[in-house]
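# Observations on chain architecture
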Amino acid sequence: MTSVFITGTGCITGSGSTPQSTLAAMYEGTADPSPFVRHRMDWGKEALVFAVDDALLEKASGRTEQYGLTARLGLGAAFQALEDAGISPADLKGKRVGVVMGTTVGCSMNHIVFYGEYRDPDIALPSMEHIRCVLRSNPAEAIARELAVVGPAQTVVTACASGTDAIGVGLQWIQSGMCDMVIAGGCDGLSRVTLNGFHSLMVMDSERSKPFDVDRKGLTLGEGSGVLVLESEQSVTQRKVTPKARLAGYATACDAYHLTAPHPQGRGLIRAMKQLFAHIECTPADISFVNVHGTGTKDNDNVEGYVMHELLPHVPFFSSKGATGHTLGAAGGIEAALCVHCLNQGRIPPTTGLTTPDPAIPASPVLEATNVTGTIALSTSLAFGGIASVLAVSHI
């Protein structure tokens, strides 16, 4: 099977403007959610979220005001990942470059400003520029357009596994010989639609998420983006660069148990992980650590703790969502970027928000920064509809 290498990472979260600064906030315990001030919530109180500062977004994405928030987040992380890989837009000319991005609500046709103007009796006709903005803000198309690449461009929407699945698609594009290089990841911006939707599901913590904690009450939402630059072995050799890691494998499964909850015994996740292990021919002893989905909801944490106990009982794991919020379609991209840096450092951060592990869960994440060994890191994503997806990143 053709080797696929990771040569650049980009990451923007509510806690940091890069993978390194996001990890630093996790190690230092400085990641905290703030009230969502972009829109007023329907339930009459401010929601705590991990939102990206407007000034940071403008600096990261450049002159991209014609795009919506989610596309701009994706552009910012893509530019950062390319710079990290030592690639300028001019370097992409003549190469078979694909773009695949995951998102959850970022491509929806609902544009809040447009509908606000439409319902305002003092505005005769709402500006159609709002709708034109939505139509040109498909994240993958926006990145391909700004970089002037002509390879395949695809946006993946598989709920909260979107970013992970997008990277899996990028892996397959290179392995199949379709592309020399792929810009892959996920991005999602917050809006009233997202917050009101999760509030109606009654899965949001009114304070902050506490993954795997005995007092956990739900998730905290966040926004952001995470992007990897994937390259074939031939491309890496031609550019004479040293990759950061190898994207060793990807697997996905669906348990079809419930619209919003995974199977209590994690059948989908277990199936995906076993498929991955067989494909890349690894054993539990090879696994350095796992960055689990870890949302802080009762169902998710119970299932992942059960799966870790059953399949990888001696492997340390952590959740990053206590420090980034649940960034939905961006989560898989962000967490893959964090995995690359943790693997190379041989160290993983504590699970932000976790104080007292729930004794009912058979396996618990690390409570403090932990040195790790092993050659392969895993990143898992669970999604509505019973989807479970896993990525494997390995040392060179």
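Anything mentioned here points back to the structure above.
Note that the structure is a prediction, hence the values are computed from the model and not measured.

One can find His-326 in the loop between helix H12 (321-324) and helix H13 (331-345). Using a relative accessible area of 3% as the deciding quantity, one classes His-326 as buried. A polar atom in the side chain of His-326 sits 3.1 Å from the backbone nitrogen of Leu-328. Leave out the neighbours within four places in its chain, and His-326 touches Cys-160, Leu-219, Thr-220, Leu-221, Gly-222, His-293, Thr-295, Lys-321 and Ala-331.

Further remarks concern the state of the cysteines. The full count for this structure, using the stated rule, is zero disulfides. Note on Cys-254: no disulfide assigned, nearest cysteine sulfur contributed by Cys-160 at a separation of 14 Å. Here Cys-254 falls in the partly exposed class, since its relative accessible area comes to 40%. In this structure Cys-342 is a free cysteine whose sulfur lies 6.5 Å from that of Cys-339, the closest cysteine sulfur available. Take Cys-342: its relative accessible area is 0%, and that puts it in the buried class.

With 42 residues, the main nonpolar core has Ile-6, Val-100, Val-182, Leu-230, Leu-247 and Phe-289 as its most contacted residues. Contributions of two or more residues to this core are made by strand S1 (4-12), helix H1 (19-28), helix H7 (162-175), strand S6 (181-188), strand S7 (224-232), strand S8 (245-254), H13 and strand S14 (387-394). Here this core gets eight residues from one element, more than from any other, and that element is H13. Residues Val-292, Leu-311, Leu-312 and Leu-378 belong to the second largest nonpolar core, which totals 31 residues.

Turning our attention to the environment of Val-182. Here Val-182 shows up in strand S6. Note: C-alpha distance between Val-182 and Pro-211 (29 residues apart in sequence) is 32 Å. Discounting chain neighbours no more than four positions away, the residues touching Val-182 are Gly-98, Val-100, Gly-170, Trp-173, Ile-174, Leu-228, Val-229 and Leu-230.

Attention now goes to the packing of helix H10 (residues 267-280) against helix H11 (residues 298-311). Two numbers describe how H10 lies on H11: the axes approach to 10 Å, and their chain directions differ by 40°. As far as their axial angle goes, H11 and H10 are oblique. Our pair here, H10 against H11, has a crossing hand that is right-handed. Listed contacts from H11 to Leu-269, Ile-270, Met-273 and Lys-274 of H10 are Glu-304, Tyr-306, Val-307 and Leu-311. For the contact of H10 with H11, the class distribution of residues is six nonpolar, no polar and two charged.

The next thing to look at is the pairing of strand S9 (residues 287-291). Most of S9 sits out of view: five of its five residues are buried. Where S9 and strand S13 (residues 376-383) come together, four bridges link them in parallel fashion. Paired with Val-290 across the strands is Leu-378, a residue of S13. Where S9 lies against strand S10 (residues 317-318), two bridges are found, and the strand directions are parallel. Residue pairing across strands places Asn-291 opposite Phe-318, the latter belonging to S10. For the crossover that starts at S9, traverses H11 and ends in the parallel S10, the hand is right-handed.

Attention now moves to the side chain of Ser-319. Within the secondary structure, Ser-319 is located in the loop between S10 and H12. A residue is classified by how much of its surface remains accessible, and Ser-319, at 0% relative accessible area, is buried. From its side chain, Ser-319 meets the backbone oxygen of Gly-294 in a polar contact 2.7 Å long. Once you skip the residues sitting within four places of it in the chain, Ser-319 turns out to touch Met-26, Pro-211, Asn-291, Val-292, His-293, Gly-294, Thr-351 and Thr-352.

So, about the packing of aromatic side chains. What describes a pair of aromatic rings is the distance from one ring centre to the other and the angle between the planes of the rings. Taken as a whole, this structure holds five aromatic pairs when the rule is applied. Relative to Tyr-115, the ring of Phe-114 lies with its centre 5.5 Å away and its plane at 75°, an arrangement referred to as edge-to-face. Residue class for Tyr-115 comes out partly exposed when judged on its relative accessible area of 40%. Summarising the aromatic geometry, the rings of Phe-114 and Tyr-118 are spaced 6.3 Å apart at their centres and angled 20° between planes, so their arrangement reads as stacked. On the criterion of helical spacing, the pair formed by Phe-114 and Tyr-118 is a turn pair, its members being four residues apart in helix H4 (residues 112-119). Here the aromatic cluster, defined as three or more aromatic residues joined through ring pairs, consists of Phe-114, Tyr-115 and Tyr-118. Positioned above the aromatic ring of Tyr-27 is the side chain of Arg-347, whose terminal nitrogen or guanidinium carbon lies 4.1 Å from the ring centre.

Before going further, it helps to spend a moment on the packing of helix H2 (residues 54-61) against helix H3 (residues 69-84). Between H2 and H3, whose axes approach to 8 Å, the crossing angle comes to 55°. The angle between H2 and H3 falls in the class oblique. Once H2 is placed against H3, the crossing between them reads as left-handed. Taking contact as the criterion, the partners of Leu-57, Glu-58, Ala-60 and Ser-61 in H2 are, on H3, Leu-69, Arg-72, Leu-73, Gly-76 and Phe-79. Looking at the contact of H2 with H3 residue by residue, the class counts come to five nonpolar, two polar and two charged.

Our focus in this paragraph is H7. For H7, built from 14 residues, the straight-helix expectation of 20 Å at 1.5 Å per residue is met to within 8% by its first-to-last C-alpha distance of 20 Å. Burial of H7 is extensive: 12 of the 14 residues sit out of reach of the surface. Three or more residues of H7 are buried, namely Ser-162, Gly-163, Thr-164, Asp-165, Ala-166, Ile-167, Gly-168, Val-169, Gly-170, Leu-171, Trp-173 and Ile-174. One or two residues past the end of H7 sits Gly-177, with phi positive at roughly 85°.

Cut-offs applied
Residues take numbers from 1 onward in each chain, read along the sequence in its written order. Given that this is a predicted model, residues contribute local features only at a pLDDT of at least 70 and side-chain atom pairs are listed and counted only at 80 or more, while totals for whole chains, interfaces and linings are drawn from all residues. Side-chain numbers here rest on the full set of heavy atoms in the structure, without hydrogens or water. We count a stretch as a helix when DSSP gives it H or I for four or more residues in a row; a strand needs E for two or more, and each element gets its number in order from the N terminus. Note on classification: 1.4 Å probe, protein chains only; a residue is buried when its accessible area is under 20% of the maximum for its type, exposed when over 50%, partly exposed between these limits. Pairs of N or O atoms are called polar contacts if they sit within 3.5 Å, as long as, within protein, a hydrogen donor faces a hydrogen acceptor (for residues adjacent in sequence, only side-chain-to-side-chain pairs). Any pair of residues with heavy atoms lying within 4.5 Å of one another is described as a contacting pair. Cysteine sulfur pairs qualify as disulfides if the two atoms are within 2.5 Å. Put simply, a nonpolar core is a bunch of buried Ala, Val, Leu, Ile, Met, Phe, Trp, Tyr and Cys residues held in one set by side-chain atoms that sit within 4.5 Å of each other. Structural elements are reduced to axes, namely lines fitted to C-alpha atoms, with helices fitted over the stretch in contact, and the angle between N-to-C directions of any two is expressed from 0 to 180 degrees. Orientation labels follow simple angle bins: below 35 degrees gives roughly parallel, above 145 gives roughly antiparallel, 65 to 115 gives roughly perpendicular, and whatever is left gives oblique. If you view the pair so one helix is near and one far, a crossing is left-handed when the near helix is turned anticlockwise from the far one by less than a right angle, and right-handed when it is turned clockwise. In this classification, the charged set is Asp, Glu, Lys and Arg, the nonpolar set is Ala, Val, Leu, Ile, Met, Phe, Trp, Tyr, Cys and Pro, and all remaining amino acids, among them Gly, are polar. Two strands qualify as a pair provided DSSP detects at least 2 bridges between them. A crossover gets the label right-handed when its path from the first strand over the helix to the second runs clockwise, viewed with the strands pointing away from the viewer. Think of it this way: a Phe, Tyr or Trp ring, Trp meaning its six-membered ring, pairs with another when their centres are within 6.5 Å, and the plane angle makes it stacked under 30 degrees, edge-to-face over 60, tilted otherwise. Throughout this description, the term charge over a ring refers to an Arg CZ or Lys NZ atom that lies within 6 Å of the ring centre and within 35 degrees of the ring normal. In this scheme, a helix's expected span is set at 1.5 Å multiplied by one less than its residue total.

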